[in-house]
Amino acid sequence: MSIIVALSGGKASAYCGDYALKSFPKEDIILYFNDTKWEHPDLYRFLKDLQVYWDKEITYDSDGRSPEDLFYDHHALANNRMPFCSRDLKAVRLQNFYKDGDTIIFGIGSDEPQRANRILNVYEEVSKKEKKQVKIQFPLITQNINSEAIDNWLSSTGIEEPLLYRLGFKHNNCSGGCVRAGKKHWKLLYEKLPEVYLERERVEREVREYLGKDVHFFKDETLEDFRHRIQNNELSSYYDNDSYKDVECIGVCSTTN
Ligand code: SF4
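Values in this document were obtained by computation on a predicted structure and should not be read as measured data. (Residues numbered from 1 in each chain as written. Predicted model: local features only at pLDDT ≥ 70, side-chain atom pairs only at ≥ 80, totals over all residues. Heavy atoms only, no water.)

Chemist: Looking at this structure, how should I read the side chain of H40?
Modeler: The residue H40 is located in the loop between β2 (29-34) and α2 (41-54) in this model. Here H40 falls in the buried class, since its relative accessible area comes to 14%. Once residues lying within four places of it in the same chain are set aside, the contact partners of H40 are L163, L164, S175 and L193. (Helix = DSSP H or I, 4+ residues; strand = E, 2+ residues; numbered from the N terminus. Buried < 20%, exposed > 50% of the residue type's maximum accessible area, 1.4 Å probe, protein only. Contact = heavy atoms within 4.5 Å.)

Spelled out as structure tokens, the structure:
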């Protein structure tokens, strides 16, 4: 029976990896990461640094497809209303990966009890359907670990914080170019990592052309139109401050396999 730590590439789940290594026999632990193929090179640097620090290999799980590949397979663009990339590339893969009796550790914080509950409900359903039991642990909640403690731990390791945090992003998913993110997030992406923004714009444009449909990641406009509004200073005062809420993609959508 294994202890699987669901690493997201972010700091909170890295802290959980460290917690697991201090709490359970090293040989029982699987440090598990879903590679979406859209990740920033610095995320791989971060995981590599953690591997060296822990002296423990990380398991990279992927079927080789990126969100872009899925858009063609599904004949649709994923978005916040339809996050099938999170489901197919992360949630379903972890649900298939774990074995009867395993424990999975998630880096959900105490400020996100609704997400913890959602995970418990999803895995209860999966357990019944697949007839394989699983224990779920949320050490950040049970040990009352806040973001300051996580930052202090990371500083103590000497490992550099992932680039996306240093640029002002809240998470380290898909190079910041997440199709579920809101417009304030995409504005920040355009300002900080324009090459990622333009790359997502290319994907959106090509899928639109392929499908011959007026689809977009946002509800009401394309990335290209939004970029023009940024460039022409046409955004409303809503964008004057950069406070926004963003949810980390750890494959916890409501869908089960
Ligand atoms: S981070 Fe966003 S784009 Fe990447 S897999 Fe998750 S939901 Fe999809």
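Chemist: I'm lost on the site of the ligand in this one. Help?
Modeler: T36, C85, S86, N173, C174, C178, V179, R180 and C249 make up every residue found near the ligand. The residue inventory of the shell around the ligand, partitioned by class, reads 5 nonpolar, 3 polar and 1 charged. (Near = heavy atom within 4 Å. Nonpolar A, V, L, I, M, F, W, Y, C, P; charged D, E, K, R; others polar.)

Chemist: Whenever I open this one, the packing of helix α1 (residues 11-23) against helix α7 (residues 147-157) confuses me. Can you help?
Modeler: Each pair of packed helices can be described by the angle between their axes along with the distance between the axes. In contact at an axis separation of 10 Å, α1 and α7 are set at 70° when each is read in the N-to-C sense. What the angle tells us is that α1 and α7 run roughly perpendicular. Crossing of α1 over α7 shows left-handed handedness. Residue-level inspection shows K11, A12, A14, Y15, D18 and K22 of α1 in contact with α7, the latter providing A149, I150, D151, W153 and L154. Residues that form the contact of α1 with α7 fall into these classes: 7 nonpolar, no polar and 4 charged. (Axes fitted to C-alpha atoms, helices over the stretch in contact; angles between N-to-C directions. Parallel < 35°, antiparallel > 145°, perpendicular 65-115°, else oblique. Left-handed = near helix turned anticlockwise from the far one by under 90°.)

Chemist: Any chance you could explain the sheet that holds strand β5 (residues 134-137) here in plain terms?
Modeler: In a beta sheet, neighbouring strands pair by backbone hydrogen bonds and run either parallel or antiparallel. Within the open sheet, the 5 strands sit side by side as β3-β2-β1-β4-β5. Their pairing is parallel. Strand pairing shows two members of the sheet lacking a second neighbour, β3 (58-61) and β5, which therefore form its edges. Strand-to-strand twist across the sheet, computed as the mean angle between neighbouring axes with direction ignored, equals 30°. Relative to β2, strand β1 (residues 3-7) is paired through 5 bridges, and the arrangement is parallel. Within β2, the position partnered with A6 by the bridge is Y32. Across the face of the sheet, α2 comes into contact with β1, β2 and β3 while running at roughly 150° to β3. (Pairing = 2+ DSSP bridges.)

Chemist: It is not clear to me how the layout of surface pockets should be interpreted in this structure. Could you clarify?
Modeler: A probe matching the size of a water molecule, rolled over the atoms, marks out where space remains unfilled. Each pocket or cavity is described by its volume, and for the largest pocket that value is around 550 Å³. Surrounding the largest pocket, 22 residues form its lining, A12, D111, E112, S147 and H171 being those nearest its centre. Breaking the lining of the largest pocket down by element, the ones donating at least two residues are α1 and α7. Here the element with the most residues in the lining of the largest pocket is α7; it accounts for 3 residues. When its residues are assigned to classes, the lining of the largest pocket shows 7 nonpolar, 6 polar and 9 charged. (1 Å grid on protein atoms, 1.4 Å probe; cavity = no way out; pocket = protein on both sides within 12 Å on 5 of 7 lines; lining within 4 Å. Points joined across faces, edges and corners; volume = space filled by probe spheres on them.)

Chemist: Got a minute to help me understand the pairing of β2 in this structure?
Modeler: On a regular strand, one side chain projects to one face of the sheet and the next to the other, so that they alternate. Most of β2 is tucked away, with 5 of its 6 residues classed as buried. In this region the chain leaves β1, passes through α1 and returns to the parallel neighbour β2; the handedness of that crossover is right-handed. Summarising the sheet, β2 and β3 pair through 4 bridges and their orientation is parallel. Across the sheet, the residue bridging to N34 is D61, located in β3. Between β2 and its parallel partner β3, the chain crosses via α2, and the hand of that crossover is right-handed. (Right-handed = clockwise from strand over helix to strand, strands pointing away.)

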